Amino acid sequence: MMKVVVERRKLIKPLTETPTELRSYKISIIDELNPSMHVIRILYYPFAAAAGKLSIINLEESLARILPLFYPLAGRYIKEKHMVDCNDEGAEFSEAQVDCDLLTVIGGGSTAEQLNHLLPLEIGAADEPTDPMLAVRINKFRCGGVAIGVCASHRISDSASLGIFLMAWADAAAGRDSVVIKPDFNSPEFFPSENLPPLDFGVSRTRDTSVVCERFLFDKNAVSILRDTANPEWTSSAGRPPSRVVVVSTVLTQALLRADRAKYGGVSRASLIAQAINVRERTIPPVSKHAWGTWVSLSYLEHNAKETHKSLEPEEYPGLVRKMRETTIQGVKDCPRILSDKQFGRWVLVDSYFDAAKKASSPDFKVIWITDWSKFGEYELDFGFGKPVWVSLADVPLQDLFILMNTKHNDGIEAWVYLHESDMPFFRHEYEDIVKTMLIADPKIHATN
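Residues numbered from 1 in each chain as written. Predicted model: local features only at pLDDT ≥ 70, side-chain atom pairs only at ≥ 80, totals over all residues. Heavy atoms only, no water.

Visitor: What exactly am I supposed to notice about the overall build of the protein chain here?
Guide: Within the protein chain, the regular secondary structure consists of 14 helices and 16 strands. Relative to the compact-globule value of 22 Å for 449 residues, the protein chain shows a C-alpha radius of gyration of 22 Å, a close match. Projected onto its principal axes, the C-alpha positions of the protein chain cover 60 × 50 × 40 Å. Sorting the 449 residues of the protein chain into buried and exposed places 56% on the buried side. (Helix = DSSP H or I, 4+ residues; strand = E, 2+ residues; numbered from the N terminus. Rg over C-alpha atoms; globule rule 2.2 N^0.38 Å. Buried < 20%, exposed > 50% of the residue type's maximum accessible area, 1.4 Å probe, protein only.)

Visitor: What am I meant to see in the pattern of salt bridges here?
Guide: Where side chains of opposite charge bring their charged atoms close, a pairing between them can arise. Applying the stated criterion across every chain yields a total of 32 salt bridges. A salt bridge links Glu378 to Arg41, with the nearest nitrogen and oxygen atoms 2.3 Å apart. Of this pair, Glu378 sits in the loop between strand 12 (365-372) and strand 13 (390-392) while Arg41 sits in strand 3 (residues 38-45), and the two are 337 residues apart along the sequence. For the pair Glu378 and Arg41, a shared accessibility class is recorded, and that class is buried. The partner of Lys140 in a salt bridge is Glu95, with the nearest N and O atoms 2.9 Å apart. Placement of the pair is Lys140 in strand 7 (residues 134-140) and Glu95 in strand 6 (residues 91-98), with a sequence separation of 45 residues. (Salt bridge = Lys/Arg side-chain N within 4 Å of Asp/Glu carboxyl O.)

Visitor: Explain the packing of helix 7 (residues 220-229) against helix 9 (residues 244-263) to me, please; I cannot follow it from the model alone.
Guide: Look at helix 7 against helix 9: their axes get within 9 Å of each other, and the N-to-C directions meet at 80°. The angle between the axes of helix 7 and helix 9 places the two elements in the roughly perpendicular class. Every residue of helix 9 that contacts helix 7 at Val223, Leu226 and Arg227 is listed here: Arg244, Val247, Val248 and Val251. Class assignment of the residues belonging to the contact of helix 7 with helix 9 gives a composition of five nonpolar, no polar and two charged. (Axes fitted to C-alpha atoms, helices over the stretch in contact; angles between N-to-C directions. Parallel < 35°, antiparallel > 145°, perpendicular 65-115°, else oblique. Contact = heavy atoms within 4.5 Å. Nonpolar A, V, L, I, M, F, W, Y, C, P; charged D, E, K, R; others polar.)

Visitor: Would you take a moment to explain the packing of helix 2 (residues 56-66) against helix 5 (residues 159-173) for this structure?
Guide: A pair of packed helices is characterised by two quantities: the angle between their axes and the separation of those axes. Interaxial distance between helix 2 and helix 5 falls to 9 Å at its minimum, and their mutual angle equals 125°. Judged by the inter-axis angle, helix 2 sits oblique to helix 5. Between helix 2 and helix 5 lies a crossing whose hand is right-handed. Residues Asn58, Leu59, Ser62, Leu63, Arg65 and Ile66 of helix 2 pack against Phe165, Ala168, Trp169, Ala172 and Ala173 of helix 5. (Left-handed = near helix turned anticlockwise from the far one by under 90°.)

Visitor: Looking at this structure, how should I read the packing of aromatic side chains?
Guide: The description of two aromatic rings rests on the distance between their centres and on the angle between their planes. The tally for this structure, following the rule as stated, stands at 22 aromatic pairs. Between Phe70 and Phe165 the ring centres are 5.7 Å apart and the planes differ by 85°, which places this aromatic pair in the edge-to-face class. A residue pair is termed long-range when its members are at least 10 positions apart, and Phe70 in the loop between helix 2 and strand 4 (76-78) and Phe165 in helix 5 qualify at 95 residues. Note on accessibility: Phe70 and Phe165 belong to one class, buried. Three or more aromatic residues link up through ring pairs in this structure, and these residues are Tyr25, Tyr45, Phe70, Tyr71, Phe165, Trp169, Phe185, Trp292, Phe383 and Phe385. Taking the ring centre of Phe191 as reference, the NZ or CZ of Lys342 above it sits at 5.8 Å. Seen from the ring of Phe365, Lys359 lies directly overhead, with NZ or CZ sitting 5.6 Å from the centre. (Phe/Tyr/Trp six-rings, centres within 6.5 Å; stacked < 30°, edge-to-face > 60°. Lys NZ or Arg CZ within 6 Å of the ring centre and 35° of its normal.)

Visitor: Could you clarify how one ought to interpret the sheet that holds strand 13 in this entry?
Guide: What links the strands of a sheet is backbone hydrogen bonding, and the strands pair in either a parallel or an antiparallel sense. If you walk across this open sheet you meet the six strands as 1-6-7-8-3-13, and the pairing is mixed. The open sheet has two edge strands with one neighbour each: strand 1 (4-12) and strand 13. Adjacent strand axes in the sheet meet at a mean angle of 15°, parallel and antiparallel pairs treated alike. Where strand 1 lies against strand 6, eight bridges are found, and the strand directions are antiparallel. Within the sheet, the bridge partner assigned to Leu11 lies in strand 6 and is Glu92. Strand contacts of helix 3 (residues 102-109): strand 3, strand 8 (146-153) and strand 13, with the helix running at about 115° to strand 3, the strand carrying the most contacts. (Pairing = 2+ DSSP bridges.)

Visitor: Sorry, what's going on with the environment of Asp351 here?
Guide: Tracing the sequence through the fold places Asp351 in helix 13 (residues 342-360). Given the relative accessible area of 25%, Asp351 is considered partly exposed. When the C-alpha atoms of Asp351 and Val435 are compared, they prove to be 36 Å apart, with 84 residues separating the residues in sequence.

Visitor: I'm lost on unusual backbone geometry in this one. Help?
Guide: Glycine aside, residues mostly have negative phi angles, and peptide bonds mostly take the trans form. Of note, the bond from Ile284 into Pro285 is cis; its omega dihedral lies within 30 degrees of zero at -5°. On the secondary structure map, Pro285 appears in the loop between strand 10 (270-278) and strand 11 (296-303). Of note in the backbone geometry, His82 takes a positive phi value of approximately 55° without being a glycine. Along the chain, the position of His82 falls in the loop between strand 4 and strand 5 (83-85).

Visitor: I tried to follow helix 2 on my own but got confused; where do I start?
Guide: Structurally, the α-helix is built with 3.6 residues per turn, so residues lying three or four positions apart point the same way. Every buried residue belonging to helix 2 is among Ile56, Leu59, Glu60, Ser62, Leu63, Ala64 and Ile66, and all of these are buried. Looking at the buried side of helix 2, the elements it contacts are strand 1, strand 6, strand 7 and helix 5.

Visitor: Help me out: how do you make sense of the nonpolar core in this one?
Guide: Across soluble globular proteins, nonpolar side chains show a tendency to be buried alongside one another. Counting 111 residues, the largest nonpolar core has Leu134, Phe165, Trp169, Phe383 and Trp416 as the members making the most contacts within it. If one sorts the elements of this core by residue count, helix 5 sits on top with ten residues. Among all residues touching Phe165, those that are not within four sequence positions of it are Leu63, Ile66, Phe70, Leu73, Leu134 and Trp292. Counting residues in each nonpolar core, the second largest holds 38 residues, with Phe402, Val417, Tyr431 and Val435 among its members. (Core = buried A, V, L, I, M, F, W, Y, C linked by side-chain atoms within 4.5 Å.)

Visitor: Any chance you could explain the side chain of Asp158 here in plain terms?
Guide: As for its position among the elements, Asp158 is in the loop between strand 8 and helix 5. A polar contact of 2.9 Å, which involves the side chain of Asp158, links it to the side chain of Arg280. The contact partners of Asp158, leaving out residues within four places of it in the chain, are Val39, Arg280, Gly293, Thr294, Trp295 and Val296. (Polar contact = N/O pair within 3.5 Å; in protein donor to acceptor, adjacent residues only side chain to side chain.)

Visitor: Could you clarify how one ought to interpret the confidence of the model for the protein chain in this entry?
Guide: A low pLDDT means the predicted coordinates there should not be read in detail. When pLDDT is averaged along the protein chain, the result is 93, and 95% of the positions lie at 70 or above. The model gives residues 445-449 a pLDDT under 50, and that stretch makes 22 contacts with residues more than four places away or in other chains. (pLDDT = per-residue confidence, 0-100.)

Visitor: I would appreciate a short explanation of helix 13 in the present structure.
Guide: Relative to the 27 Å expected for 19 residues at 1.5 Å per residue, helix 13 spans 26 Å between its end C-alpha atoms, a close match to the ideal helical length. Each element contacted by the buried residues of helix 13 is listed here: helix 1 (29-33), strand 10, strand 11, helix 11 (317-334), helix 12 (337-340) and strand 12. (Expected span 1.5 Å × (residues − 1).)

Now the structure itself:
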C-alpha cells in the first residue's frame, strides 16, 4: 500500500492583483450543469529530484506568475450567486513524500483508487466557499521521481481547460517566456448563467467506493487489429481507417452493453452512447482554442432494445464502428451552428445533455459516456526536468464512463473504465471474450479496481 505524507501546504496568490472589473466571474449555463467535482491529471517524471533539476521554489513562482492570466483559478466559488469571487485568495500548493519508487506506480503496481492519494484534494470536494478552484501537489518518491497531481474545479473548467493551464504553467516554469498562452474567459457572454442546479450524477464530497476503475491498454498493434477488423466497412464508405478512439470506444461499448445484457438475464435494454466533442475552433465565429470553461457538445447514438441486442454480435462490430464514427462526424458538422443559431446551440450544449442525463436515471436505458482526452499534448509538458513518462487519472466518481487517454508514443490508447462495482466483473468477462474473438493476444489489463 502506497503511503503519502503531506509535508507542506500553502496558498499561491497571483503575482499581480486581479483588476476590480474582473473580480466577479459569472459562470455560463454549460458550466452550471457540471457535477460538483474537480477535473484531474497526474504527471509522472522520473529522477527529477535526483538529477537536481526539481526546484519547488521555481514551481511556486511560475505558478504565481501565470495566475493573473488564469485569475478565476485563484478565487472561490459562490454557488448561491453562480459566480467566482476572483479575490486572489490563491491556488493551493502542497508537497508530499511517497514511501515507494516511482516505478512501482507506473509499472502497474498501484490501483486507480490508490492514485487518488497523489491528488491534492478529494475529487468531489468542490463548490464550497473554502474550496480552492485549483490545487496542485508535488509528490516526491524515494527514487527521486516526482508526480504532479492537479485538481481544477469542474464548475469553471473542462479537461481541455486544464490542458491549457498545464501548458502555460510548464512554459513559465521552464523559462519559455516567449510563449504566452492567454486564456479566454468569455463563454458566459455566449451562454449566460440561468441559475440552474448541477445535474445529479451522484457525486459526493467523499470518495464513493461503489464506483470502481480498471485501465485497459490498447497498444499500436491492438489498434491496428481493431482497424483491420472494421476493414469491410471503412474501405467501402469513408475511404480512410477509423480513428484509434473510435475503434477502442466501440470495443468497450460492445463489452459494456453485453455485460448489461448478462446482468439482466440475457435481456438487452435500450442504449444511448454519448460521445463528447471539443467544440473549440469548430464554431462560426470560431471559439478560441484557449477558451476557458466547458466547451463540449455530445453526439448521440441511440438504439432501442432490439437494435442494442443485435449490435452486440461479433459480426456487428464493423457496423457499430461505422455508426459511432458517423454520429461523431455529424456532431462536428453541427459545431458551426452553435453560436450562429443560439436556439440550436442551446439544444446541442444544454438541452440534449439534460435529456441524456434523464435517460441515464431510467431503468429502461443503458447510457454510456465516452470522452477523448488523448489530444491535449500532456506528454510534451516539460517543467524544466524533462517530459513525463506517464500521464494518469485516478478513481473518478462517475459510472458508465470511458475516458480515453494517450500513450507516451502517441500511437495507442489507455482506456480508463469507470463502472459500478457490481458491473465490473461482467464487463471484464465480456471484454476478454471480445478481444479473444478478435485475436488480440493478451488484452493487457494493467490495473484492477
